[in-house]
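Listed here are the chains, written in short residue letters.
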Amino acid sequence: MNRRYRALRYRALGSLLMIGVLAVAVWVFLNPGLLEGKSRNPSLNKAAVNADTPYIVLGMGCFWGAEKRMQALAGVLDVEAGYAGGDLVQPSYQTLHDTEAAIQEGKAITNHAEVVKVYYDPKQTSLEQVLIQFWENHNPAQGNRQGNDIGSNYRSAIFYRTDEERHWAEQTRAIYQNNLAAAGIALPITTEIAPLKNYTSAESYHQDYLEKNPLGYCGLGGTGIAYADPNKPMQGGHAQSAQLAANPGGTGQSWQTIALNSQEQLIVFESVDCGYCKQFDKDVLSVWHNPLPIVATYLTAPPKGWTLNQALFATPTMVLFQKQHEVARYTGYQGAQPFWQWLSEATAK
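Quick look at the structure, then. Model, not experiment: these values are computed from the prediction.

Conventions adopted
Residues numbered from 1 in each chain as written. Predicted model: local features only at pLDDT ≥ 70, side-chain atom pairs only at ≥ 80, totals over all residues. Heavy atoms only, no water. Core = buried A, V, L, I, M, F, W, Y, C linked by side-chain atoms within 4.5 Å. Buried < 20%, exposed > 50% of the residue type's maximum accessible area, 1.4 Å probe, protein only. Helix = DSSP H or I, 4+ residues; strand = E, 2+ residues; numbered from the N terminus. Contact = heavy atoms within 4.5 Å. Pairing = 2+ DSSP bridges. Axes fitted to C-alpha atoms, helices over the stretch in contact; angles between N-to-C directions. Phe/Tyr/Trp six-rings, centres within 6.5 Å; stacked < 30°, edge-to-face > 60°. Lys NZ or Arg CZ within 6 Å of the ring centre and 35° of its normal. Salt bridge = Lys/Arg side-chain N within 4 Å of Asp/Glu carboxyl O. Lys, Arg positive; Asp, Glu negative; His and termini not counted. Polar contact = N/O pair within 3.5 Å; in protein donor to acceptor, adjacent residues only side chain to side chain. Parallel < 35°, antiparallel > 145°, perpendicular 65-115°, else oblique. Left-handed = near helix turned anticlockwise from the far one by under 90°. Nonpolar A, V, L, I, M, F, W, Y, C, P; charged D, E, K, R; others polar. Expected span 1.5 Å × (residues − 1). Arc of directions from axis to C-beta.

1. Examining the nonpolar core
Argument step 1. Among the nonpolar cores identified, the biggest contains 36 residues, and Leu58, Met70, Val116, Val118, Val130, Trp135 and Ile158 are the most heavily contacted of them.
Argument step 2. Where this core is concerned, the elements lending two or more residues are strand E1 (55-60), helix H2 (63-71), strand E2 (76-84), strand E3 (113-120), helix H4 (127-136), strand E6 (156-160), helix H5 (163-182) and helix H6 (209-212).
Argument step 3. Per-element tally for this core: the top contributor is H4, with 6 residues.
Argument step 4. Those residues in contact with valine 118 that sit more than four places away from it in its chain are Pro54, Tyr55, Ile56, Leu58, Met70, Val76, Asp78, Val79 and Val130.

2. Some points on the sheet that holds strand E11 (residues 317-322)
Strand pairing in a sheet relies on backbone hydrogen bonds, with the paired strands running either antiparallel or parallel.
Argument step 1. Taken together, the 4 strands give an open sheet; going across it, the order is E10-E9-E11-E12, and neighbouring strands pair in mixed fashion. Two strands in the sheet have a free side with no partner beyond their single neighbour: strand E10 (294-297) and strand E12 (325-331). Put simply, the sheet's adjacent strands are angled 20 degrees from each other on average, direction ignored.
Argument step 2. In the sheet, strand E9 (residues 264-269) pairs with E10 via 4 bridges, with the strands oriented parallel. Its bridge partner being in E10, isoleucine 267 is matched across the sheet by valine 295.

3. Quick look at the sheet that holds strand E7 (residues 192-195)
Argument step 1. With mixed pairing, 6 strands are arranged side by side in an open sheet as E7-E6-E1-E3-E2-E8. In this open sheet, the two strands that pair with only one neighbour each are E7 and strand E8 (200-201).
Argument step 2. Two strands pair when backbone bridges link them, and E1 and E6 are joined in this way by 4 bridges, in the antiparallel orientation. Note on E6: the bridge partner recorded for glycine 59 is alanine 157.
Argument step 3. Where H4 meets the sheet, it contacts E1, E3 and E6, and its direction lies at approximately 10 degrees from that of E1.

4. What about the packing of aromatic side chains?
Argument step 1. Scanning the model with the defined rule gives 16 aromatic pairs in all.
Argument step 2. Centre to centre, the rings of tyrosine 330 and tryptophan 342 are 5.5 Å apart; their planes meet at 45 degrees, and the pair counts as tilted. Linking tyrosine 330 in strand E12 with tryptophan 342 in helix H8 (residues 336-348), this pair joins segments that are 12 residues apart in sequence. Considered together, tyrosine 330 and tryptophan 342 belong to a single accessibility category, that of buried residues.
Argument step 3. One aromatic cluster is present, formed by Phe280, Trp288, Tyr330, Tyr333, Phe339, Trp340 and Trp342 through successive ring pairs.
Argument step 4. When the ring centre of tyrosine 55 is taken as origin, the NZ or CZ atom of lysine 117, which lies over that ring, is 4.6 Å away.
Argument step 5. Residue placement shows arginine 161 over the ring face of tyrosine 55; its charged tip is 3.7 Å from the ring centre.

5. What about the pattern of salt bridges?
Argument step 1. Scanning the entire structure with this criterion turns up 6 salt bridges.
Argument step 2. Three or more residues are tied together by salt bridges with common partners; here these are Asp163, Arg166 and Glu170.

6. Details of the side chain of glutamate 136
Argument step 1. Checked against the element boundaries, glutamate 136 lands in helix H4.
Argument step 2. Buried charge glutamate 136 goes without a salt bridge, the closest partner of opposite sign being arginine 69 at 9.0 Å.
Argument step 3. At a separation of 2.6 Å, a polar atom in the side chain of glutamate 136 contacts the main-chain amide nitrogen of tyrosine 227.

7. Some points on the environment of threonine 317
Argument step 1. With respect to the secondary-structure elements, threonine 317 resides in strand E11.
Argument step 2. Taking C-alpha positions, threonine 317 is 6.9 Å from glutamate 270, a pair spaced 47 residues apart along the chain.
Argument step 3. When neighbours within four sequence positions are excluded, threonine 317 is seen to be in contact with Ile267, Val268, Phe269, Leu312, Arg329, Tyr330 and Thr331.
Argument step 4. Among the polar contacts listed, one links the side chain of threonine 317 to the side chain of threonine 331, at a separation of 3.5 Å.

8. Let's talk about the packing of H4 against H5
Argument step 1. Closest axis-to-axis distance for the H4/H5 pair is 10 Å, and the angle between their directions is 45 degrees. If you check the angle between H4 and H5, you find them oblique. Of the two elements, H4 crosses H5, and the hand of that crossing is right-handed. Along the contact surface, H4 presents Leu127, Glu128, Leu131, Trp135 and Glu136, while H5 presents Glu165, Trp168, Ala169, Thr172, Arg173 and Tyr176.
Argument step 2. Tallied by class, residues from the contact of H4 with H5 come to 6 nonpolar, 1 polar and 4 charged.

9. Section: the environment of alanine 72
Argument step 1. Note on placement: alanine 72 falls in the loop between H2 and E2.
Argument step 2. In this structure alanine 72 comes out as buried when scored by relative accessible area, which is 11%.
Argument step 3. Sequence separation between alanine 72 and serine 43 is 29 residues; the distance between their C-alpha atoms is 8.9 Å.

10. Observations concerning helix H3 (residues 93-104)
Argument step 1. End to end, H3 covers 17 Å across 12 residues, agreeing with the expected 16 Å (1.5 Å per residue, within 8%).
Argument step 2. Those residues of H3 that fall on the buried side of the exposure criterion are Leu96, Thr99, Glu100 and Ala102. Buried residues of H3 fall within an arc of 160 degrees about the axis and therefore sit on the same side.
Argument step 3. Along its buried surface, H3 packs onto E2 and E3.
Argument step 4. Of the residues trailing H3, glycine 106 is marked for its positive phi of about 105 degrees.

Laid out in structure tokens, this is it:
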């Protein structure tokens, strides 16, 4: 009898597993927007990269999101995930984490940063534009971290090979520091600017990670402050921001043009090419009838005077504000029902 019972149980488990697989397949088929991981930038052309193609190596935190962000820039030919700036000659993903653990235990060693090697066509874009994209698409004032990714392997960095690259790195840093200060952000930029050393391409499974895994981590990029060179007033603000080839809606938003309710407001922080964001917009925003005011934005920081309890680190993130202060948040999207349940509980408090 025990044998028969076990057989029936295994058969039932097998049936449930098959039903689960079929359910996931049907859900993905009905929600193709979640699989739009491939970049739409027509400039990308790995075959055009040769020994003379210029490139710059940049650290922006987790290289999955950094790769996606830099691939969106018009004029970029290819982006490769890798490691650079550390003492080990042949680093790997595992050695980065082992080295970081050793540093925490007091060992005197410099760890590599997760980086992206950005190849670009100087006839289509410039190093300055590549660096503008860099400054605007991560937070360069967080030291050894980006959002919830903590450690020197996630530090902001520009690794140069020539004096010209160093010049542009330092000049654009100074301009962006002034941009942050003008926006009321007093934190100093902590980006490491150093000669390139010990660069190693990352393992193959890290290359084009979000293209192969479109449901992967969607990191927020940037401080929400546009790069603006005061010496180029006709190109200032968002108009001067690096032109994105894969941004259908544009990110030139400003809180000054968005109506908000200071007493109670739900803000949905999204990012370009985030499958979960598109699904949330389809399932929830398109049928929104709740009296609670809601707004979705690509901006990566709340309006001036509105406060968060902790930094934003992924998209979509829904933040409920009351009297301009965060009182609840919901990060990620796993369907409309869990979101509505959260909202009901958050507004009932």
